[in-house]
Amino acid sequence: TQSTRPQRLLNAVQKNATRGDPRSVVKAIDDFCRHKEWAMNVGDEKGCILDSVVSEINPAAVLELGTYCGYSTVRIARLLPPHAKLITLEFNPDFAAIARQVIAWAGLEEKVQLVEGASGDWIPKMKEQFGITTFDLVFLDHWKDRYLPDTKLMEECGLLRKGSVLLADNVICPGTPDYLEYIRSSPRYESRYFKSHLEYTKVEDGLEKSVFKG
Ligand SMILES: CCCNc1ncnc2c1ncn2[C@@H]1O[C@H](/C=C/CNC(=O)c2cc(-c3ccc(F)cc3)cc(O)c2O)[C@@H](O)[C@H]1O
Ligand SMILES: [Mg+2]
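So, here is what we can say about the structure in this document. (Residues numbered from 1 in each chain as written. Chains lettered and ligands numbered in written order. Predicted model: local features only at pLDDT ≥ 70, side-chain atom pairs only at ≥ 80, totals over all residues. Heavy atoms only, no water.)

Some words on helix H8 (residues 147–156)
To keep it simple, the criterion reads: Residue burial is assigned from relative accessible area. The probe radius is 1.4 Å, only protein chains are included, and a residue is buried under 20% of its type maximum, exposed over 50%, and partly exposed in between. Each helix is a run of DSSP H or I of at least 4 residues and each strand a run of E of at least 2, with the numbering of both proceeding from the N terminus.
Along H8, seven of the 10 residues are buried, which leaves the element largely enclosed by surrounding structure. Listing the buried residues of H8 in full gives Tyr 147, Leu 148, Asp 150, Thr 151, Leu 153, Met 154 and Glu 155. Following H8 by one or two positions, Gly 158 has its phi on the positive side, about 65 degrees.

Shown next as structure tokens:
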């Protein structure tokens with residue numbers, strides 16, 4: 001049977017990266033996507049911005065919306081302090097299965113909880129299911145028309161505290177116009193745009209970092 005792109009990406013990780021070495025897993029995926037097959041990972045250029053935001057916050061509780069193959073999951077989890085937790089939501093079972101293996105190859109299973117399901121169903125259950133009070137960082141990288149409804153849902157569910165950071169991928173390409181409009185005009189957020197490029201290309205894209213004011 002024909003392999004899928006995520007399966008070929010996983011094969012590249014297992015062939016070229018060292019087990020237990022997250023940096024080599026990130027590099028193997030970036031090499032694969034740059035030289036073999038493009039895939040919608042946040043990538044190395046925007047990934048460095050993501051790294052700096054994670055390192056600045058040093059979060060204890062992180063939520064990622066849209067795991068895909070686990071590239072940004074590994075990027076974030078490799079920087080987390082001991083006992084910090086990253087919960088990542090992925091509703092496509094095939095992508096979730098690949099991501100689990102990528103995360104395992106990086107040796108980061110202890111820090112990551114991959115939850116198979118839709119953000120809309122799981123955000124309201126975060127407190128009761130995972131003992132989360134609030135998230136220090138949320139990385140939004142799922143369907144672009146879901147950034148805004150899920151942000152409003154996180155507000156309603158009390159998952160954001162004064163100082164919580166939302167970091168959104170693709171605010172230019174493919175674009176998240178309704179989310180940008182909301183977050184930049186809301187008095188409850190301080191937003192800043194980090195100009196960059198669409199992963200593995202010269203096309204403009206960027207990350208929007210928004211701090212919740214409570
Ligand atoms: C019920 C839907 C909303 N809730 C959800 N809950 C959990 N997981 C969800 C999800 N939505 C989507 N997902 C998952 O997130 C992932 C979706 C990501 C969508 N990302 C993009 O479309 C994207 C697309 C591009 C892109 C840019 C230019 C181009 F020409 C082609 C593509 C670049 C990116 O960086 C992207 O992130 C998948 O794994 C999907 O199964
Ligand atoms: Mg993206």
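Considerations on empty space enclosed by the protein
Short version of the rule: As defined here, a cavity is a set of points on a 1 Å grid over the protein atoms alone where a 1.4 Å probe fits but cannot get out. A pocket is an open set with protein on both sides within 12 Å along at least five of seven lines, and residues line them when an atom is within 4 Å of a point. Grid points are joined across faces, edges and corners, and a volume is the space filled by probe spheres set on the points. Each residue gets one label: Ala, Val, Leu, Ile, Met, Phe, Trp, Tyr, Cys and Pro are nonpolar, Asp, Glu, Lys and Arg are charged, and the others, such as Gly, are polar.
Applying the stated criterion across every chain yields a total of one cavity of 30 Å³ or more. Volume-wise, the largest cavity comes out at about 50 Å³. Split by residue class, the lining of the largest cavity holds five nonpolar, five polar and one charged.

Comments concerning the coordination of the magnesium ion (ligand 2)
Which entries qualify depends on this criterion: Coordination partners: N, O, S within 2.8 Å of the metal, 3.2 Å for Na, K and Ca; water not considered, so apparent gaps in a site are possible.
Distances from the magnesium ion (ligand 2) to its protein donors, Asp 141 (OD), Asp 169 (OD) and Asn 170 (OD1), fall at 2.0 to 2.2 Å. Each donor residue of the magnesium ion (ligand 2) lies on the same chain, and together they follow the pattern D-x27-D-N. Here Asp 141 is found in the loop between strand E4 (135–140) and H8, whereas its partner Asn 170 is found in the loop between strand E5 (160–168) and helix H9 (171–175), with 29 residues between them in sequence.

A short note on the nonpolar core
Which entries qualify depends on this criterion: To define a nonpolar core, start from buried Ala, Val, Leu, Ile, Met, Phe, Trp, Tyr and Cys residues and group those joined through side-chain atoms within 4.5 Å. Any two residues whose heavy atoms approach within 4.5 Å are treated as being in contact.
Residues Leu 9, Val 25, Ile 29, Val 74, Ile 76 and Val 102 are the most contacted members of the largest nonpolar core, which totals 44 residues. Those elements that provide at least two residues to this core are helix H1 (5–16), helix H2 (22–35), helix H3 (43–57), helix H4 (71–77), helix H5 (93–105), strand E3 (112–116), E4 and E5. Setting aside anything within four residues of it in sequence, one finds Ile 29 in contact with Leu 9, Val 13, Asn 41, Tyr 71, Val 102 and Tyr 200. Listed in part, the 27 residues of the second largest apolar core include Ala 61, Leu 89, Met 126 and Tyr 147.

Description of the sheet that holds E3
What counts, and what does not: Being paired, for any two strands, means DSSP has found at least two bridges between them. Helix axes are fitted to C-alpha atoms over the stretch in contact, other axes to C-alpha atoms as well, and angles between N-to-C directions run from 0 to 180 degrees.
Overall, mixed pairing links the seven strands, which are arranged E3-E2-E1-E4-E5-E7-E6 in an open sheet. Edge positions in the sheet fall to E3 and strand E6 (189–197), since each has one partner strand and no second. Each strand of the sheet is rotated relative to its neighbour by a mean of 15 degrees, with strand direction disregarded. Contacting strand E2 (85–90) and E3, H5 runs over the sheet at an angle of about 170 degrees to E3.

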